[in-house]
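The chain contents come next:
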Amino acid sequence: MNLSVMPAIIELLKLGGILLLMLGFAFAYLLVNYRVWNSKLYLLSKVLLGLSLGFFLKAAGASWLTAGFGLAVPVAIGLYFRYMLKGRYRTPAYFLAPAILGIILLFLYPLLYQFFLSFHDLSLKTFADWVREGSAPLAGSFGLENYFEVFRDRATGQSFVVVLGRTLLWTFINLVFHLGLGLALAMLLNTPGMRGVGIYRTILTLPWVMPQVIAVLVWRSDFNESVGFINQFINVTNQLISFQVGDNLIQPLTWIGFQPRQWFVDPTALFMAACIVNIWLGVPFMMINSLGALQSIPKSVYEAASIDGARAWQRFYHVTLPLLKPVMVPAAMLGAIWTFNNLNVIYLMTDGGRYEGADILVTDLFKQSFTYYRYGFAAAYSFVIFAILCVFTYLQTRLTAEGKPIPDKKAESAAAQNQLTQKPNLSSTRV
Amino acid sequence: MAATINKVSLPRLLTVHLLLSVACIVATFPIFRIVAISFRNTDTVSAAAKSSFPPPGEATADDYVKFFADAVVPYEIIDAILGKEKAAPAVVESVKEEATAIDPNDPFASLDQASASKVTERRWYSNYTDLFSRYLFLQWIYNSIMISLSASLIGIFLSATAAYAFSRFEFPGKRFALGFLFMTQMIPGPLMIIPVYLVIKSLNLGNSYAGLVIAMSVTILPFSIMVLRGYFETVPKSLEEAARVDGCTAVSAFFRILLPLSTPALAIAFLFAFTSAWSEFLLASTLIDDASLRPWTLGLMEFSGNYDARWGLFAAGSVVIALPSMILFLYSSKYVISGLTVGSVKG
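Residues numbered from 1 in each chain as written. Chains lettered and ligands numbered in written order. Predicted model: local features only at pLDDT ≥ 70, side-chain atom pairs only at ≥ 80, totals over all residues.

Counting secondary structure elements, chain B contains 17 helices and 0 strands. Looking at chain B as a whole, 40% of its 347 residues qualify as buried. Intrachain contacts of chain B at a sequence separation of at least 6 include 79% that bridge at least 24 residues. (Helix = DSSP H or I, 4+ residues; strand = E, 2+ residues; numbered from the N terminus. Buried ≥ 20, exposed ≤ 12 C-beta atoms within 10 Å, placed from the backbone. Contact = placed C-beta atoms within 7 Å.)

Moving on to the overall build of chain A. Secondary structure assignment for chain A yields 19 helices and 2 strands. Residues classed as buried in chain A amount to 36% of the 431 residues present. Put simply, 67% of the contacts in chain A that link residues at least 6 apart link residues at least 24 apart.

Residue and element names in this part refer to chain A. The terminal C-alpha atoms of helix α14 (residues 312-340) lie 35 Å apart, and with 29 residues this falls more than 12% below the ideal 42 Å at 1.5 Å per residue. At Lys325, α14 shows its largest kink, close to 55°, and the proline Pro326 lies no more than four residues downstream. Of all the positions in α14, only Thr320, Leu324, Val327, Met328, Val329, Pro330, Ala331, Ala332, Gly335, Trp338, Thr339 and Phe340 are classed as buried. (Expected span 1.5 Å × (residues − 1). Bend = angle between axes of the 7 residues up to and from the residue.)

Next up on the list: the domain arrangement of chain B. Split into domains, chain B comes out as domain 1 (12-79), domain 2 (90-134) and domain 3 (137-346). Facing 5 residues of domain 2 of chain B, the contacting portion of domain 3 of chain B comprises 6 residues. (Domains from an automatic or database assignment.)

It is worth spelling out the confidence of the model for chain B at this point. The share of residues in chain B with pLDDT of 70 or more is 75%, and the mean pLDDT across the chain is 78. Taken together, the stretch residues 339-347 of chain B has pLDDT below 50 and engages in 17 contacts with residues farther than four places along the chain or on a different chain. (pLDDT = per-residue confidence, 0-100.)

Right, let's talk about the confidence of the model for chain A for a bit. Residues and elements named next belong to chain A. Summary statistics for chain A give a mean pLDDT of 81 and a share of 89% for residues scoring 70 or more. Mean pLDDT per element in chain A: helix α19 (residues 427-430) is the minimum at 36, and helix α7 (residues 160-189) is the maximum at 93. Scored below 50 in pLDDT, residues 403-416 shows 12 contacts in the model against residues more than four places distant or in partner chains. Below pLDDT 50 for its whole length, residues 419-431 participates in 49 contacts with residues either more than four positions away or in separate chains.

Within the largest apolar cluster, 166 residues are counted, with the highest numbers of intra-cluster contacts made by Leu212, Val213 and Ala215 of chain B. Apart from the residues lying within four places of it in its own chain, the contact partners of Ala215 of chain B are Leu106 of chain A together with Val196, Ile200, Leu283 and Leu287 of chain B. (Core = buried A, V, L, I, M, F, W, Y, C linked by C-beta atoms within 7 Å.)

Looking at the element boundaries, Ser285 of chain B is found in helix α15 (residues 282-287). Taking C-alpha positions, Ser285 of chain B is 15 Å from Ile214 of chain B, a pair spaced 71 residues apart along the chain.

Attention now goes to the environment of Gly352 of chain A. Residues and elements named next belong to chain A. Looking at the secondary structure, you find Gly352 in the loop between α15 (344-349) and α16 (361-370). Its 17 C-beta neighbours within 10 Å are what place Gly352 among the partly exposed residues. Linking Gly352 and Gly246, residues 106 residues apart in sequence, is a C-alpha distance of 48 Å.

Here the focus is the packing of helix α8 (residues 197-204) of chain A against helix α2 (residues 10-38) of chain B. One way to put it is that α8 of chain A packs onto α2 of chain B with a least axis distance of 9 Å and a crossing angle of 30°. With respect to α2 of chain B, the axis of α8 of chain A lies roughly parallel. Note on packing geometry: the crossing formed by α8 of chain A with α2 of chain B is left-handed. Facing Tyr200, Ile203 and Leu204 of chain A of α8 of chain A, the residues of α2 of chain B in contact are Leu20, Ala23, Cys24, Ala27 and Thr28 of chain B. In terms of residue class, the contact of α8 of chain A with α2 of chain B is built from 7 nonpolar, 1 polar and no charged. (Axes fitted to C-alpha atoms, helices over the stretch in contact; angles between N-to-C directions. Parallel < 35°, antiparallel > 145°, perpendicular 65-115°, else oblique. Left-handed = near helix turned anticlockwise from the far one by under 90°. Nonpolar A, V, L, I, M, F, W, Y, C, P; charged D, E, K, R; others polar.)

We now examine the packing of α7 of chain A against α14 of chain A. Relative placement of two packed helices is described by the angle separating their axes and the distance separating the axes. Residue and element names in this part refer to chain A. Where α7 meets α14, the axes come as close as 9 Å, and the angle between the chain directions of the two elements is 140°. In terms of orientation, α7 lies oblique with respect to α14. Handedness of the crossing formed by α7 with α14: right-handed. Between α7 and α14, the contacting residues are Thr167, Trp170, Thr171, Asn174, Leu175, His178 and Leu179 on the first element and Ala332, Gly335, Ala336, Thr339 and Phe340 on the second. Partitioned by chemical class, the residues of the contact of α7 with α14 number 6 nonpolar, 6 polar and no charged.

Right, let's talk about the environment of Phe392 of chain A for a bit. All names here are of chain A. Position of Phe392 among the secondary structure elements: in helix α17 (residues 375-402). Classification of Phe392 as partly exposed rests on a count of 17 C-beta atoms within 10 Å. Along the primary structure Phe392 and Met333 are separated by 59 residues, whereas in three dimensions their C-alpha atoms are 9.9 Å apart.

Right, let's talk about unusual backbone geometry for a bit. Despite not being glycine, Tyr373 of chain A has its phi angle at roughly 55°, a positive value. Structurally, the position occupied by Tyr373 of chain A is in the loop between α16 and α17. Phi angles above zero are rare outside glycine, and Asn207 of chain B is one such case at about 55°. With respect to the helices and strands, the residue Asn207 of chain B is situated in the loop between α10 (190-202) and α11 (209-232). The class of Asn207 of chain B is partly exposed, set by 14 C-beta atoms lying within 10 Å.

Spelled out as structure tokens, the structure:
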């Protein structure tokens, strides 16, 4: 056993020390500013601090831009404390300080950095220049070359339109199957007077509680062309259902596409395999959501409908669906965003991008930055994807809000419920 | 009419059971598969290599059932139980023959033979013993537990304080901050990797627990802030106000009143944070180089490589990791649902 505990303990102590230091710094900074904002020398000292910071940065070899930031930030903070805050909002500021420190360090700064990078030509070719001089050359004459490049046909992959189309297809297929199968299973589970609902529900949620990495890798082993189970199963079934007519062997199932495939070589088959895996993974979440919503619908509504003479499908269409809407719409929206941004499944199914032809936007982005090392281009690419998602979400909220105004309270509680029931398997892709 | 709703006819009930059973088989099939693969003493994925399927025309439904049983039930275990355990597949036997054919004057012959005989001693549980004795598997699990526990604890603490500020105080930029938090859900993953790597490197925390923990705990923040804020708003404000009147500060009102009241939401947020950190691999693969600091995700991905796939080892590792985490999450999902209803009743 190579369980060496001591280095780990030291690491953890180090981590605790660092965190305490960071939190202490954040709190102390706020405390000092809140104490002295009213003194006469406050602004003067801020200006002096900014000047010295700027000169220090310049002397340490930073560019004029960075030095300017070093000058401007303390002065701006001083002005803000002096004229805007005036000692207000002290308590929420203390409560927010640690989280904001982390978010600025690991969300906001990276975003700004990537935005900066997206106008520059940083790739393996210019990497040495970047290290030597501290700044990569602008991409093109206006710096927008990377953004133009996104929409151009690339030599190192498929064109943007194809990948975008595939991503939309991927999102659409997955969402339809997640919603359809999840709702169908929930309605089966909701059959009145049935026994063993708990057992069925537990078994059916297993794909959801299984670690995603393991699930996808197991599926990948079963999709293996020669030794995997799927191809063998297809072969055996075709052997069983076959007829000998004269010299010809007729296998009727192959006519509808039921035949062994080279799952990882054929791009269509690979895409199909990835879809199957993601559908398998995502159905339980929608099932749980819609089951909860179905069980919250009072029976009296159905009774009233059937007294009015509604048939089964009419009850489904006019009673169940409208009542499910406030829960399912936010769930479907989040599901769409997650599927759109789902790096894990396709990344693992294509063995880290080794197999071509099934890339969606996110995995293509990953490939551009970590296989081809085109950092500047990848930054621009990711902002384009981000913009597409923002538009997509905006349109969705608009379209779903337009139908009829959902009562605020209900929508909020439904949203809260969804936030609570979902599993943040996204966060590994969100980074 | 009402009777048709409340009472379901027997054929329909049977159909429902049938459909649900089929769904259950599909849902659990990969799980049975990894268990079966993990007990094979070779690295092959399938059992069909062992017993070939009869040619067309001769195959019966019996063979079909046998094929499925072969794929799901590890035959090594059956052999071991029945006592007709013949170890070692053909490949290993040929190795043994070669070893015996080696020139007796060779000084290393005895060593070769010893190693060859060791290879042939594989049993149905060999994958598991190999996993623990030949690889850093325990170390990987230990790393993962350490990283995800500390990341989720820190993340929950930070997000609880932030969520308190969001739910109880008014301050400029609140709407913008909430919008930003929602927006972070839409950022494509690879966008953040390079700058986060640079930040962690420049803090001199690359290739260590600390860097990964800091990165992960901040990654968790937006989602858990939203969950906790939603719950905090359902807790009546008057409780804290009463405490404030009695001379409690805002900080101690938060720690003594709000936090104990919202343990269900904290537990849920912790659970989600832990889940996502537990199966995270992208950040880990960029931030960590040392083999001894790897979490299990990277270790298992190494087994399932394309050209030297060790499916047996991979499956054994998956079973060891997946079963406890699945049991934990199934068990806690009850509390998730009860925590939900508590929140919604109060709201």
